[in-house]
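A structural walkthrough
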Amino acid sequence: MLQALTRFFRPRRDLAQLELAFSGGTPHNADELLERLRQLGLRRITCCRLTRNRNVMVSFAGGTLRVHEGYLAAPESVLRAIVTFVEGRTRADRREAQRAIVAFPVRSPRPASRRERTHPDDVEMAAQLTGWHARYNARHFDGGLKPIEIRVSRRMKTRLGHYTAATAGGEAAEIAISRAHVRRHGWPEALHTLLHEMVHQWQDETGHTIDHGATFRAKARAVGIAPYARRVLATRPGRGEGSTTLGRRAARKG
Ligand SMILES: [Zn+2]
């Protein structure tokens, strides 16, 4: 009986191995990943680069695709989602793909960089911003956003503020506002930036992609702020124009 069972199962296992070999197995570098994605239907991309930026999962512009190295270990369903993110015909398809990509917990071999802390002299400013977060939460979001302690950053120079989603590794979500921005542009502008980042928080907490797309623009208008990524719109399209990025951070720029 045992003999018969073994005989019965062996060919099936061989078949499974054959199937694995056919589908190419786990890619180990950018070229193998590109080959794998092309097998799954990727057409318009000719160059693939691996990145280590923990805030960006997938991004493409022209024929170049940038993918966080953690996706080398992703299962086929997630790799198919990357293909749909690039090639998808309908917005609904692409959105479903985005969810699948973001849901995959990316592991980076590099340790997480230590987050900047609010400078002791900026604690008062941070406390005021945190107070405004609570007020705006009640006024514009029915109190539905999670309470967040706002950080004041002395490192941010071109960015005015950002929202960063929590990581699978246990790093909490955060909103940071540039100290230079508060000092240079004043409180009304800084509060505008805070509300902008709160719209990203709302996107994150309600399962939307964190970006400046249609959902962002509609909610930004609803809470009464400018629906743009930039405070001052450039008269010419910037260099970043035409690139599509899927990440866990969005920033407002000056
Ligand atoms: Zn933004």
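Note: the structure precedes this text.
Residues numbered from 1 in each chain as written. Predicted model: local features only at pLDDT ≥ 70, side-chain atom pairs only at ≥ 80, totals over all residues.

1. Comments concerning the packing of helix H7 (residues 187-205) against helix H8 (residues 214-222)
H8 packs onto H7 with a crossing angle of 125° between their chain directions and a minimal axis gap of 10 Å. The angle between the axes of H7 and H8 places the two elements in the oblique class. With respect to the hand of their crossing, H7 and H8 are arranged in right-handed fashion. When H7 is examined against H8, the residues His196, Val199, Trp202 and Gln203 are found in contact with a partner set consisting of Thr215, Phe216, Lys219 and Ala220. Class assignment for the residues of the contact of H7 with H8 results in 4 nonpolar, 3 polar and 1 charged. (Axes fitted to C-alpha atoms, helices over the stretch in contact; angles between N-to-C directions. Helix = DSSP H or I, 4+ residues; strand = E, 2+ residues; numbered from the N terminus. Parallel < 35°, antiparallel > 145°, perpendicular 65-115°, else oblique. Left-handed = near helix turned anticlockwise from the far one by under 90°. Contact = placed C-beta atoms within 7 Å. Nonpolar A, V, L, I, M, F, W, Y, C, P; charged D, E, K, R; others polar.)

2. Re the sheet that holds strand S7 (residues 244-247)
A sheet is described by the order of its strands in space; here 4 strands give the open sequence S1-S3-S2-S7, paired in mixed fashion. Edge positions in the sheet fall to strand S1 (47-51) and S7, since each of these pairs with one other strand and no more. Within this sheet the neighbouring strands show an average axis-to-axis angle of 10°, counted without direction. Relative to strand S3 (residues 64-68), S1 is paired through 5 bridges, and the arrangement is parallel. The residue of S3 that forms the bridge with Arg49 is Arg66. Here helix H2 (residues 30-39) sits on the sheet in contact with S1 and S3, set at roughly 125° to S1. (Pairing = 2+ DSSP bridges.)

3. Details of the packing of helix H5 (residues 123-140) against H7
At a minimum axis separation of 10 Å, H5 and H7 run at an interaxial angle of 55°. With respect to H7, the element H5 is oriented oblique. In this structure, the crossing between H5 and H7 has a hand that is right-handed. Every residue of H7 that contacts H5 at Leu129, Trp132, His133 and Tyr136 is listed here: Leu191, Leu194, Leu195 and Met198. Classifying every residue of the contact of H5 with H7 by side-chain character gives 7 nonpolar, 1 polar and no charged.

4. Some words on the sheet that holds strand S5 (residues 159-164)
One open sheet accounts for 4 strands, arranged S4-S6-S5-S8; its pairing is mixed. The sheet is open, and its two borders are formed by strand S4 (151-153) and strand S8 (249-253), each paired with just one other strand. On average, each strand axis in the sheet is inclined to that of its neighbour by 20°, with strand direction left out of account. Relative to strand S6 (residues 174-178), S4 runs parallel, the two sharing 3 bridges. Its bridge partner being in S6, Arg151 is matched across the sheet by Ala176. Packed onto the sheet, H7 meets S5, S6 and S8 and runs at close to 25° relative to S5.

5. Here we look at the nonpolar core
Within the largest apolar cluster, 22 residues are counted, with the highest numbers of intra-cluster contacts made by Leu129, Ile150, Ile175, Ile177, Leu194, Met198 and Val199. Of all the elements in the fold, those that place two or more residues in this core are H5, S6, H7 and S8. For this core, the element with the highest residue contribution is H7, accounting for 6 residues. Dropping the residues within four chain positions of it, Met198 is found in contact with His133, Tyr136 and Leu145. Met57, Tyr71, Ile82 and Ile101 belong to the second largest nonpolar core, which has 20 residues in total. (Core = buried A, V, L, I, M, F, W, Y, C linked by C-beta atoms within 7 Å. Buried ≥ 20, exposed ≤ 12 C-beta atoms within 10 Å, placed from the backbone.)

6. Some remarks on helix H4 (residues 91-103)
Counted at 1.5 Å a residue, the expected span for H4 with its 13 residues is 18 Å, and the 18 Å between its end C-alpha atoms agrees. By the burial criterion, the buried members of H4 are Ala97, Gln98, Ile101 and Val102. Seen end-on, H4 carries its buried residues on one side only, within an arc spanning 130°. Along H4, exposed side chains directed more than 90 degrees from the buried face belong to Ala92 and Ala103. (Expected span 1.5 Å × (residues − 1). Arc of directions from axis to C-beta.)

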